[in-house]
Amino acid sequence: MREKHGRHWIVIVVTALALLAALFIVASCQQDKKIAPAEKTAMTTSEQTAKTEQAAKDARMAWWRDGRFGMFIHWGLYAVPAGTYKGKRVDGIGEWIMNNGKIPITEYEQYARQFNPIGFNADDWVRMAKGAGMKYIVITSKHHDGFCLWDSKVTQWDVMDATPFKRDILKELSQACKQHGVKLCFYHSIMDWHHPDAQAPFYPNYNDTKQSNPNFDRYVDTYLKPQIAELLTNYGPIGVMWFDGEWIKDWTEPKGKDMYAYVRGLQPKIVINNRVGKGRKGMEGLSKSDEYAGDFGTPEQQIPPTGLPGVDWETCMTMNDTWGYKSYDENWKSSETLIRNLADIASKGGNFLLNVGPTPEGLFPRAIEQRLEDMGTWMAVNGQSIYGTTASPIGRPEWGRCTAKGDRLYLHVFNWPADGKLDVPLAGAKPVKAYLLADRKRASLPVAAGQDTLTISVPAKAPDAIDSVIVLVTNNK
Ligand code: FHN
């Protein structure tokens, strides 16, 4: 009887516990029902926002990504001394002569009186850029010396007020660019060695990165920003605002973010480089993270070793060893190097911004003209292997580089195979056709598919000694 009683209690306790557990599960399911949809909606909304933002950025940057090739122009008063001060050659890049030569401001100002580039013809410059296959021009509206190439209303330190030339160089360029369908872009230095509220008082070391100017905010609010407003209001749609000189102590990431918003407020479609803020990793140029302001990274005088999926970047590079004109710098890169650099950069998904430093007369040195012509000749035949392409899906093959577009691979052959067989490391691809881009008839080249490679039979002689492009159409999109 006692046993029966005991079992009865056990049944009651177990049933009660089971009931409690069931209640708990139902309650937590209810709770889940209450939270889950809200969380899900929140996630979906933030995902959607990110997607929309990415789509808007993609649309804004489409022309820039397609263009792949632009001209950088460093031009200003430093072209007058052209690397020589008081009869002595000054070490370093030409546009830094004010800092490297420790030239006092009043003395440097004298160069403005000598700046009379009567040979300047905006149309010629734009034609040369376009002829080389370049889709955009980035010109120094203001470099570190603070001198302005346009008619600025907030200073006399510009081409209209301080020089005998008295022509708005940016206005003339904007008209020529519009006429020839080339995008005009401005390089603008945040650092300013001439402005008293910026780095002018740091003479003789204008580039002192430890010093601060207590009036720097006044420079930003009453000078830098109004000048940006002039540039983005009076010269039509501008492709890129390309900032530089952001390493000074007084410039901060919040200031960079504020400037980014300010510029986009003036021209919503504009593209802005990462030097607007403090994110760039030295000359490597890429941003430390997505947290920093700017639309694209800016490697300087170097090409990243590999492509960087999902990252927009542009290598800027000189043709010799200076950005601004130096009369005695003859250390020119060959056309071969420049053409292969362009292919190399495109094969890694980047843009190439190639510099020219015009003379004080407003002309491109002959060595520059020659290289632009050579690049133009190559681009006239092979442009489609650069424009609108994306990074190589097969890395860096030993014979050269590869770019991609839709169902096409562009094989940039730097080293033409002596045995007439070009091996392409492509596993499982079904070749539809292969032909030389230089061949107007597009005659098919025989392709044999192996396990991990496609082998293309090519003519004995390379169509181009620098970079012969073979188009390989596959069934892989
Ligand atoms: O100091 C400048 C230099 O003069 C030149 O303008 C280059 C071009 O990218 N950027 C700077 C240094 O990063």
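Residues numbered from 1 in each chain as written. Predicted model: local features only at pLDDT ≥ 70, side-chain atom pairs only at ≥ 80, totals over all residues. Heavy atoms only, no water.

### A look at the pattern of salt bridges
Put simply, the rule reads: The salt bridge definition used is simple: a Lys or Arg side-chain nitrogen within 4 Å of an Asp or Glu carboxyl oxygen. Think of it this way: any DSSP run of H or I at least four residues long counts as a helix, any run of E at least two long counts as a strand, and we number them from the N terminus. Each residue's exposure class comes from its accessible area (1.4 Å probe, protein chains only) as a fraction of the maximum for that residue type: buried when under 20%, exposed when over 50%, partly exposed otherwise.
According to the stated counting rule, one finds 23 salt bridges in the structure shown. Here Asp 217 makes a salt bridge to Lys 255, at a shortest N to O gap of 3.0 Å. One end of the pair, Asp 217, is in helix H8 (residues 216–233); the other, Lys 255, is in helix H9 (residues 253–266), and 38 residues separate them in sequence. Exposure remark for Lys 255: the relative accessible area of 23% places this residue in the partly exposed category. A salt bridge links Lys 225 to Asp 258; its shortest N-O distance comes to 2.7 Å. Here Lys 225 is found in helix H8, whereas its partner Asp 258 is found in helix H9, with 33 residues between them in sequence. The buried category is assigned to Lys 225, whose relative accessible area is 16%.

### Some points on the layout of surface pockets
How we decide: Put plainly, a pocket is an open set of points on a 1 Å grid over the protein atoms alone with protein on both sides within 12 Å along at least five of seven lines, a cavity is a set where a 1.4 Å probe fits but cannot get out, and a lining residue has an atom within 4 Å of a point. Grid points are joined across faces, edges and corners, and a volume is the space filled by probe spheres set on the points.
Approximately 940 Å³ is the volume found for the largest pocket. Lining the largest pocket are 38 residues; nearest its centre among them are Lys 57, Asp 295, Gly 310, Val 311 and Asp 312. Mapped onto the lining of the largest pocket, the elements with two or more residues apiece are helix H1 (2–67) and H9. Residue contributions to the lining of the largest pocket peak at nine residues, all from H1. Approximately 230 Å³ is the volume found for the second largest pocket. Lining the second largest pocket are 16 residues; nearest its centre among them are Trp 96, Asp 244, Trp 247, Met 283 and Glu 300.

### Here's the deal with the site of the ligand
For the record, the criterion: Whether a residue is near a molecule or strand depends on its heavy atoms: it is near if one of them lies within 4 Å of it. Pairs of N or O atoms within 3.5 Å make up the polar contacts considered here, provided that, within protein, one atom can donate a hydrogen while the other can accept it, and that residues adjacent in sequence are counted only when both atoms are side-chain atoms. Assignment of a molecule to a cavity or pocket requires that more than half of its atoms lie within 2 Å of the corresponding grid points. As a working rule, the residues Ala, Val, Leu, Ile, Met, Phe, Trp, Tyr, Cys and Pro are called nonpolar, Asp, Glu, Lys and Arg charged, and the rest polar, with Gly in that last group.
Around the ligand sit 17 residues in total, of which His 74, Glu 95, His 144, Asp 244 and Glu 300 are the nearest. Interatomic distance of 2.9 Å between a side-chain N/O atom of Trp 96 and an oxygen atom of the ligand. A distance of 2.8 Å separates an oxygen atom of the ligand from a polar atom in the side chain of His 143. Taking a 2 Å distance to the grid points as the criterion, the majority of the atoms of the ligand fall inside the second largest pocket. For the shell around the ligand, the residue count by class is nine nonpolar, three polar and five charged.

### So, the sheet that holds strand S11 (residues 408–413)
Convention followed: One bridge is not enough; two strands pair if DSSP finds at least two bridges between them. Only C-alpha atoms enter the line fits that serve as axes; for helices the fit covers just the stretch in contact. Angles between N-to-C directions range over 0 to 180 degrees. The contact criterion used is simple: two residues touch if any of their non-hydrogen atoms lie within 4.5 Å.
Pairing in this open sheet of four strands is antiparallel, and the strands run S10-S11-S16-S13 from one edge to the other. Each end of this open sheet is capped by a strand with a single partner; those strands are strand S10 (400–405) and strand S13 (431–436). Direction aside, neighbouring strands of the sheet carry axes that sit 20 degrees apart on average. As judged from the six bridges shared by S11 and strand S16 (residues 468–474), these two strands associate in the antiparallel manner. Looking at the pairing, Leu 409 lines up with Leu 472 of S16. Here helix H10 (residues 335–347) sits on the sheet in contact with S10 and S11, set at roughly 50 degrees to S10.

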